[in-house]
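In case you want the letters, here they are:
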Amino acid sequence: MGEIRGSRAVVIGGSQGMGLAMARALVAGGAEVVVTGRDEKRLEEARAVLGPSAHVVRSDVTSAADRDALAGRVGELLGGGVDALFVNQGYSRLGPFEEVTEEIYDRHFDVNAKGAFFTVQRLAPKLADGGAVVFTTSVADTGANPGMMAYAGAKAAVWSFAQGFAAELLPRRIRVNAVAPGFTDTPTMGVDASEEQKAEFMRIGDEVTPMKRHATVDEVAATALYLAYDATFSTAVRVPVDGGLEALSTAF
Ligand SMILES: NC(=O)c1ccc[n+]([C@@H]2O[C@H](COP(=O)([O-])OP(=O)(O)OC[C@H]3O[C@@H](n4cnc5c(N)ncnc54)[C@H](OP(=O)(O)O)[C@@H]3O)[C@@H](O)[C@H]2O)c1
């Protein structure tokens, strides 16, 4: 089992929601952590919650300049040996395919897919041999997902990247896995929508989820940390944290 205490970790998109829960669990376990996000207010709040073992850095995954600067900063702050990299940022907007403009489509793929791919490419030299990468995909990364096709397509790409990186980083003994959340209680609930739409989204989520509730951010974070530190003989796997949504929905 990998030790969290004394390890070095990076959480991309860690200033709120599941990413912040991952960073909190890492800090509580005794890791030194770099956390990223864009919004200064959220970053400031994360700094206050996480304390001095966390280095909170403003960085946008969609900017090549930011990704380069982040790689430099991670090297300065953590040295060459990052034990665990969590690629967690995401963007989703609900709506039928007729409403998906090219701008909306590009944003989904820039934040979720391109941002994830080039972040790992840029940070790979900073990873310790024997380390781990964990992507946050979604239960929507497979099958038909009406009303969220651009998001689902981008997350399908993320799951494909996770498997590809797992193969290409195997010679360095770096394990690459994915956590696939279902409906999870976060400030955005994973969607760019009004408060009413989000409440309705969650209500439907609780109805269709076999366990009849949504996940807490800590439940998702626990699985992400398990994949990074404890799942030492697992690579290229995807673990749903979804109250049975993917496996059991057709049983009801
Ligand atoms: N909540 C759900 O029900 C749910 C379900 C399935 C999958 N997911 C996935 O789980 C992950 C976390 O979801 P969440 O609900 O916790 O999201 P969230 O509350 O919206 O938090 C997302 C985090 O990523 C950061 N971020 C967003 N865009 C970024 C960018 N371009 N560059 C760098 N950081 C960025 C955000 O900070 P800034 O906005 O300040 O940058 C924030 O720290 C996402 O990948 C999401 O797609 C969520």
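Residues numbered from 1 in each chain as written. Predicted model: local features only at pLDDT ≥ 70, side-chain atom pairs only at ≥ 80, totals over all residues. Heavy atoms only, no water.

1. Some remarks on helix H6 (residues 195–208)
Okay, so step 1: Relative to the 20 Å expected for 14 residues at 1.5 Å per residue, H6 spans 20 Å between its end C-alpha atoms, a close match to the ideal helical length.
Okay, so step 2: Regarding H6, the residues found buried are Lys198, Phe201, Met202 and Gly205. Summarising the axial view, the buried residues of H6 lie within an arc of 95°, below the 170-degree limit, and thus occupy one face. (Helix = DSSP H or I, 4+ residues; strand = E, 2+ residues; numbered from the N terminus. Expected span 1.5 Å × (residues − 1). Buried < 20%, exposed > 50% of the residue type's maximum accessible area, 1.4 Å probe, protein only. Arc of directions from axis to C-beta.)

2. Looking at the pairing of strand E5 (residues 127–136)
Okay, so step 1: With eight of its 10 residues buried, E5 lies for the most part within the structure.
Okay, so step 2: When strand E4 (residues 82–87) meets E5, the two strands line up parallel, connected through five bridges. Note on E5: the bridge partner recorded for Leu85 is Val133.
Okay, so step 3: What joins E4 to E5 is helix H4 (residues 102–123), and the crossover it makes is right-handed.
Okay, so step 4: The sheet contact formed by E5 and strand E6 (residues 175–181) spans five bridges and is parallel. The residue of E6 that forms the bridge with Val134 is Asn177. (Pairing = 2+ DSSP bridges. Right-handed = clockwise from strand over helix to strand, strands pointing away.)

3. Brief notes about the nonpolar core
Okay, so step 1: Membership of the largest hydrophobic core comes to 33 residues, with the highest contact counts inside it found for Leu26, Leu50, Phe86 and Tyr229.
Okay, so step 2: The set of elements that each furnish at least two residues to this core consists of strand E1 (8–12), helix H1 (17–29), strand E2 (32–37), helix H2 (40–50), strand E3 (54–58), E4, E5 and helix H7 (217–230).
Okay, so step 3: Counting residues per element, this core draws most heavily on H7, which supplies eight residues.
Okay, so step 4: Filtering out sequence-adjacent residues up to four positions away, Leu50 remains in contact with Leu20, Ala23, Arg24, Val27 and Val35.
Okay, so step 5: By size, the runner-up hydrophobic cluster in this structure holds 28 residues, among which are Val10, Phe135, Ala162 and Ala166. (Core = buried A, V, L, I, M, F, W, Y, C linked by side-chain atoms within 4.5 Å. Contact = heavy atoms within 4.5 Å.)

4. Section: the site of the ligand
Okay, so step 1: Taken together, 30 residues form the shell around the ligand, and within it Ser15, Arg38, Asn88, Lys155 and Thr186 come nearest.
Okay, so step 2: At 3.0 Å from an oxygen atom of the ligand is found a side-chain nitrogen or oxygen belonging to Gln16.
Okay, so step 3: Note that an oxygen atom of the ligand is positioned 2.8 Å from one of the side-chain N or O atoms of Tyr151.
Okay, so step 4: Within the residue set of the shell around the ligand, elements represented by two or more residues are H1 and helix H5 (149–168).
Okay, so step 5: Residues of the shell around the ligand, tallied by class, amount to seven nonpolar, 18 polar and five charged. (Near = heavy atom within 4 Å. Polar contact = N/O pair within 3.5 Å; in protein donor to acceptor, adjacent residues only side chain to side chain. Nonpolar A, V, L, I, M, F, W, Y, C, P; charged D, E, K, R; others polar.)

5. Description of the sheet that holds E6
Okay, so step 1: What the seven strands build is an open sheet, ordered E3-E2-E1-E4-E5-E6-E7; its pairing is parallel. Among the strands making up the open sheet, the edge pair consists of E3 and strand E7 (238–241). For this sheet, the mean angle separating the axes of adjacent strands, direction not counted, is 15°.
Okay, so step 2: Each of E2 and E3 is contacted by H2, which is oriented at about 175° to E3, the strand it contacts most. (Axes fitted to C-alpha atoms, helices over the stretch in contact; angles between N-to-C directions.)

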